[in-house]
Amino acid sequence: MRGFELVHPGSLADAIGLLDTDDDTVRPFSGGTALMLMMKTGVFRPSRLVHLGRIGDAYSEITASPAGGLRIGAMATLSALEHSPEVIRVAPVVARAMTRLANVRVRNVACVGGNLAHGDPHMDLPPVLAALGGSVSVAGPQGTRDVAVEKLFSGYYETVLGRGELITDVVLPSQRGWSSAYLKCTTRSADDWPALGVAVSLRIEGGAISEARVVVSAATEILTRLTTAESALTGAAADESTFARACEAAAAEAEMVEDARGSADYKTQLLRVYLRRALTQAVQDGAVS
Amino acid sequence: MDASETVKKIRFTLNGRPVSATVESHVDLVDLLRRFDLGGARESCGQGLCGCCTVVVDGVAMSGCLTLAQLVDGKRVDTIEGLDQTGALSPVQQAFIDEGAFQCGFCTPGFVLMTHQLLERNPDPSEPEIRDYLAGNLCRCAAYPEIIRAVKSAASRMRASAAA
Ligand SMILES: Cc1cc2nc3c(=O)[nH]c(=O)nc-3n(C[C@H](O)[C@H](O)[C@H](O)COP(=O)(O)OP(=O)(O)OC[C@H]3O[C@@H](n4cnc5c(N)ncnc54)[C@H](O)[C@@H]3O)c2cc1C
Ligand code: FES
Ligand code: FES
């Protein structure tokens, strides 16, 4: 690594001002766990890092809404998510996913905003938040806008965030009545990047599925909602035969990428198996009240 | 602040002592500690995976190899060298010795600091909880069975002395 400027704006507006440039060697820095690896390997050589640690405590708060949703500040650490009573109550699947993400030290410093903005399709949090119907609040030189987590990624390590734009919060809609699960499959060692991630969220009323979200990650170039699998689930009984049909639909729909963790065919088979397990687990774990 | 500075003077508390240092922006926390002759946090993987570089900043464990030195400005930094400043080994250090929880010892400072973190938060961890918490610490000598015994032993010693 070489010398660069590390600056500490004291407000969101100042941070956006510092980032409002076409110079791509100027970047926001939250927990730094992803950036440090890119800097150490020389993939990224910054001229200026804009540290977001002092933009204000409000950006690391986690609050439950009376309606049954959540607002998570982008500077909340992954450890804060893991242990937050609000997250455990409103979105237990998020807290559970943290226990298999990296390790205690990384979770202690990595932030929700950095996790989402990094755009690595192997990461665990984006598919979970997408399945829960989450969106991000984005602030930039032109003002603020909301982007659904499922629409945040435009390519491998690419997001739709524009010049000077920062993620400020994650917003989850009411989770009441939804049953959710996330499973990942690592093929080489337990702590490897996953070959496949699958997140599901179901609304079950009177034994039938009234709404479903199915998201696949890691095996695809960007996280992807599997809409034909969702259609196979919607309106059907929450049982084995419905799940089997949804898994076949998912396998036909998902565009798997071959890499060192497995061939496309292998990952398609993993999807059949893991989607069924995730659906079964969501039903077993029951709905959020 | 002069926006063009890459070198900065920082002040922080190191194992209870106020100190200062002039550091370049790209220096990481392991290298900063080396300037204070502290070698307990050492870089091995350099990628956040192994825990050999564990440092506790404001009470929170992090990987020194992934931490920019300038970010500890104004903070409290605790390393393995701070544990026995009273002259006595910490209960975790003693338990690691008694259980023979190391061979070469390269990973030991990280395991000891992480064990203190675990026991502060959970004084009576189950074996799965110990394994989960220490999953980000790697021991090339594979002293894992002894390490887990040492953590359990330290936990019961610390509970006993807290009750006394
Ligand atoms: C050892 C190790 C193991 C890991 N294992 C896992 C794992 O099992 N599962 C998993 O999902 N992940 C894993 N990760 C990745 C980890 O989750 C990410 O590195 C981390 O979440 C990134 O967050 P950060 O705050 O450190 O981001 P930073 O490194 O600070 O930033 C990452 C990117 O986001 C940008 N950015 C930061 N904050 C914002 C913001 N608020 N708005 C817009 N852009 C922003 C930065 O400019 C940069 O491009 C692992 C990482 C390590 C080091
Ligand atoms: S050297 Fe820092 S975690 Fe391995
Ligand atoms: S004792 Fe040698 S690496 Fe753990």
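See above for the structure.
Residues numbered from 1 in each chain as written. Chains lettered and ligands numbered in written order. Predicted model: local features only at pLDDT ≥ 70, side-chain atom pairs only at ≥ 80, totals over all residues. Heavy atoms only, no water.

## Description of the site of ligand 1
Rules: Residues are labelled near a given molecule or strand when at least one of their non-hydrogen atoms is within 4 Å of it. Counted as a polar contact is a pair of N or O atoms within 3.5 Å, where, for protein atoms, one must be capable of donating a hydrogen and the other of accepting one, and residues adjacent in sequence contribute only when both atoms are in side chains. Secondary structure counts use DSSP, requiring at least four H or I residues in a row for a helix and at least two E residues in a row for a strand, with both numbered from the N terminus.
If you check the shell around ligand 1, you find 33 residues, and the closest are Pro28, Gly31, Gly32, Thr33 and Asp124 of chain A. Neighbouring residues of ligand 1 are not confined to a single chain but are spread across chains A and B. Here an oxygen atom of ligand 1 and a backbone polar atom of serine 30 of chain A are 2.8 Å apart. Between ligand 1 and the protein, one listed contact pairs an oxygen atom with a side-chain N or O atom of threonine 33 of chain A at 2.7 Å. Listed by contribution, the elements that provide at least two residues to the shell around ligand 1 are strand E2 (26-29), helix H2 (33-40), helix H7 (112-118) and strand E10 (166-172) of chain A.

## Side note on the packing of helix H10 (residues 240-253) of chain A against helix H11 (residues 264-285) of chain A
Residue and element names in this part refer to chain A. Using the following cut-off: Think of each axis as a best-fit line through the C-alpha atoms, taken over the contacting stretch in the case of a helix, with angles from 0 to 180 degrees between the N-to-C directions. Should the near helix be turned counterclockwise from the far one by less than a right angle, the crossing is left-handed, whereas a clockwise turn marks it as right-handed. Two residues form a contact once any of their heavy atoms are found within 4.5 Å.
Across the interface, H10 lies against H11 with an axial gap of 9 Å and an inter-helix angle of 145°. When the axes of H10 and H11 are compared, the crossing they make is right-handed. Contact residues: Glu240, Phe243, Ala246, Cys247, Glu248, Ala250 and Ala251 in H10; Thr268, Leu271, Arg272, Leu275, Arg276, Leu279, Thr280 and Val283 in H11.

## Describing the sheet that holds strand E14 (residues 224-225) of chain A
Residues and elements named next belong to chain A. Worth spelling out the cut-off: Here a strand pair is declared whenever DSSP counts at least two bridges between the two strands.
An order of E11-E12-E13-E14 is seen for the four strands of this open sheet, with the pairing classed as antiparallel. Looking at the sheet topology across the chains shown, the edges are occupied by strand E11 (178-185) and E14. Relative to E14, strand E13 (residues 208-217) is paired through two bridges, and the arrangement is antiparallel. When the bridges of E14 are listed, valine 215 appears paired with arginine 225. Docked against the sheet, H11 engages E11, strand E12 (196-205) and E13, running at close to 40° with respect to E12.

## Section: the interface of chain B and chain A
So the rule is basically this: Two parts placed together each lose some accessible area under a 1.4 Å probe, and adding up what both lose gives the buried area. By definition, a salt bridge exists where a carboxyl oxygen of Asp or Glu is found within 4 Å of a side-chain nitrogen of Lys or Arg.
Each partner contributes residues to the interface: chain B has 32 residues there, and chain A has 23 residues. When residues of chain B are sorted by the area they lose upon contact with chain A, His26, Leu66 and Leu68 of chain B head the list and together hold 26% of the total. The interface formed by chain B and chain A contains three salt bridges. Close ionic contact of lysine 40 of chain A with aspartate 28 of chain B constitutes a salt bridge, the shortest N to O distance being 3.8 Å. The interface formed by chain B and chain A holds nine residue pairs in polar contact (both at pLDDT 80 or more) in total.

Everything listed here is a matter of coordinates, which is why it stays silent on function.
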